[in-house]
Every structure is written in C-alpha cells, then in structure tokens.
Amino acid sequence: MSRIGRMPIAIPAGVTVDIAENNKVTVKGPKGTLERVVLPEMGVKVEDGNITVTRPNDSKKMKALHGLTRSLLNNMVIGVTEGYSKKLEIKGVGYRAQKQGNKLILSLGYSHPVEMIDPEGVTTTLPDANTIIVSGIDKEKVGQYAAEIRDKRRPEPYKGKGIKYSDEVIRLKAGKTGKK
C-alpha cells in the first residue's frame, strides 16, 4: 500500500471538510475556502477528525493516484490554516520591483517595464525593491505564479543576474580567460 496514501490527514480545530457527490471536497478554514474534485474511484471519508483516502484496487495507476490524492487534500488543509509563500530575490544593477494596487511592475533590463497582475487568491508583497514574497492559500497557484515571475528573467550563469528563489543556489561559470 502507498506509504503516503494510507496516512490519515488530521483536521485541525476551526477547519471543516465536506465531501459532496462526485468526490467534490470542500475545505473551509480561517484563511479561506478551497475546493477540488477528486477522482471518483478514490474513496474519501471523514471520520474521527481525520480524512482517510482509500483506493479500489492495486493497479499501478491507482497506487500512484492514491498518494497524489492524499497529498492534494493535505495541501488544502495546510493552505486554509497556515497558507503558503515563496520568496524571490532580484539581483542585478537597475533590476527592481514595484507594486501598484494588484499590479507587479518589474524593471529587468528590458527596454520596457514588465507588468504582471496578481491572479485571484494570490498576493505579492515587497519588503524591499529586490525581494518579492508570493503568498496565498492554494499551493499550486502560489508556486505557478512564482515560477512565472522567475521566468521573466531567469538567473544567468556568469554573474547570477536575474530573479531567483531565495533558497536556490546558482552555480556560476568561469568567464573568458586571457590570451596565451
């Protein structure tokens, strides 16, 4: 059996979980509400303050989906209680970020400023001009938006200029050497 899939998900105080027909799971918590339709073959039950996920058979596909389903539901519970955040750092001369309402304006060395509008359920904050914190309750949306921001100017391998995750390590290459 899937080691991740068979672990029960503890429901913290202040969180309610509803399972409607077609395995539509709704998780409500102090930070908001998340909904997701889980595969109808997966058995999702709420009992004794825990969510348990069961699979119909031991086929390879069902084994893989068992752990996935459990992880997605666990991410929903964590999201409505604590939320998720990703920290991005901007490195480079003249590279900076600004915020206007729900619009993120990036100066990244292009001939024009790059403007990005925060998606619904995701917020960006700027502690300083070279740091962006993307936060929200949906782990998938937070990670996707952070990746889209990073894609506007990825870190280059010679000087390390660009947008990188705060925990990302850039291995720098050696530059040109002189004539022999």
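Let me sum up the structure you'll find in this document.

Each value, and the rule that gives it
- Residues numbered from 1 in each chain as written.
- Predicted model: local features only at pLDDT ≥ 70, side-chain atom pairs only at ≥ 80, totals over all residues.
- Heavy atoms only, no water.
- Salt bridge = Lys/Arg side-chain N within 4 Å of Asp/Glu carboxyl O.
- Buried < 20%, exposed > 50% of the residue type's maximum accessible area, 1.4 Å probe, protein only.
- Helix = DSSP H or I, 4+ residues; strand = E, 2+ residues; numbered from the N terminus.
- Contact = heavy atoms within 4.5 Å.
- Polar contact = N/O pair within 3.5 Å; in protein donor to acceptor, adjacent residues only side chain to side chain.
- Pairing = 2+ DSSP bridges.
- Expected span 1.5 Å × (residues − 1).
- Arc of directions from axis to C-beta.
- Axes fitted to C-alpha atoms, helices over the stretch in contact; angles between N-to-C directions.

Some thoughts on the pattern of salt bridges
- Enumeration according to the criterion identifies eight salt bridges in this entry.
- Between aspartate 58 and arginine 55 there is a salt bridge; the shortest N-O distance is 3.1 Å.
- Given the relative accessible area of 56%, aspartate 58 is considered exposed.
- With a closest N to O distance of 2.8 Å, arginine 154 and aspartate 151 form a salt bridge.

Topic: the environment of glutamate 35
- Topologically, glutamate 35 is positioned in strand S4 (residues 32–37).
- Judged by its relative accessible area of 52%, glutamate 35 is exposed.
- For the pair formed by glutamate 35 and lysine 24, sequence separation is 11 residues and the distance between their alpha carbons is 7.1 Å.
- When near neighbours in sequence (up to four residues on either side) are disregarded, glutamate 35 contacts Lys24, Val25, Thr26 and Met76.
- Side-chain polar atoms of glutamate 35 contact the side chain of lysine 24, separated by 3.5 Å.

A few points about the pairing of strand S9 (residues 103–107)
- Bridge count for strand S8 (residues 96–100) against S9 is five bridges, and the pairing is antiparallel. Within S9, the residue paired with alanine 97 across the bridge is leucine 106.
- What sits between S8 and S9 in their antiparallel hairpin is a turn of two residues, with glycine 101 showing a positive phi close to 65°.
- Relative to strand S10 (residues 114–117), S9 runs antiparallel, the two sharing four bridges. Bridged to leucine 104 within S10 is methionine 116.

Examining helix H1 (residues 60–81)
- A rise of 1.5 Å per residue sets the reference length of H1, with its 22 residues, at 32 Å; its end C-alpha atoms lie 33 Å apart and thus fit the reference within 8%.
- Turning to H1, its buried residues are Met62, Leu65, His66, Gly67, Thr69, Arg70, Leu73, Met76, Val77, Gly79 and Val80.
- Of the surrounding elements, those touching the buried residues of H1 are strand S1 (9–10), strand S3 (24–29), S4, strand S5 (43–47), strand S6 (50–54) and strand S7 (84–91).
- Positive backbone phi, at 85°, marks glycine 83, one or two positions downstream of H1.

Some remarks on helix H2 (residues 139–151)
- With 13 residues, H2 extends 18 Å from end C-alpha to end C-alpha; this agrees with the ideal 18 Å at 1.5 Å per step.
- Where H2 is concerned, the buried positions are Val142, Tyr145, Ala146, Ile149 and Arg150. Viewed along the axis of H2, the buried residues span an arc of 140°, placing them on a single side of the element.
- Of the surrounding elements, those touching the buried residues of H2 are S7, S9, S10, strand S11 (122–128), strand S12 (131–136) and strand S13 (162–165).

Structural notes on the side chain of histidine 66
- Take histidine 66: it is sitting in helix H1.
- Polar side-chain contacts of histidine 66 include one of 3.1 Å to the side chain of arginine 55.

Some thoughts on the environment of valine 44
- Relative to the assigned elements, valine 44 resides in strand S5.
- On the basis of relative accessible area, valine 44 is assigned to the buried category, the value being 11%.

Comments concerning the sheet that holds strand S2 (residues 16–20)
- Here we have three strands laid out as an open sheet, ordered S2-S3-S4, and antiparallel in their pairing. Each having just a single partner strand, S2 and S4 make up the two edges of the open sheet. Taken pair by pair, the neighbouring strands of this sheet meet at an average axis angle of 15°, ignoring direction.
- Note that S3 and S4 share six bridges and pair antiparallel. Along S4, the bridge assignment pairs lysine 28 with threonine 33.

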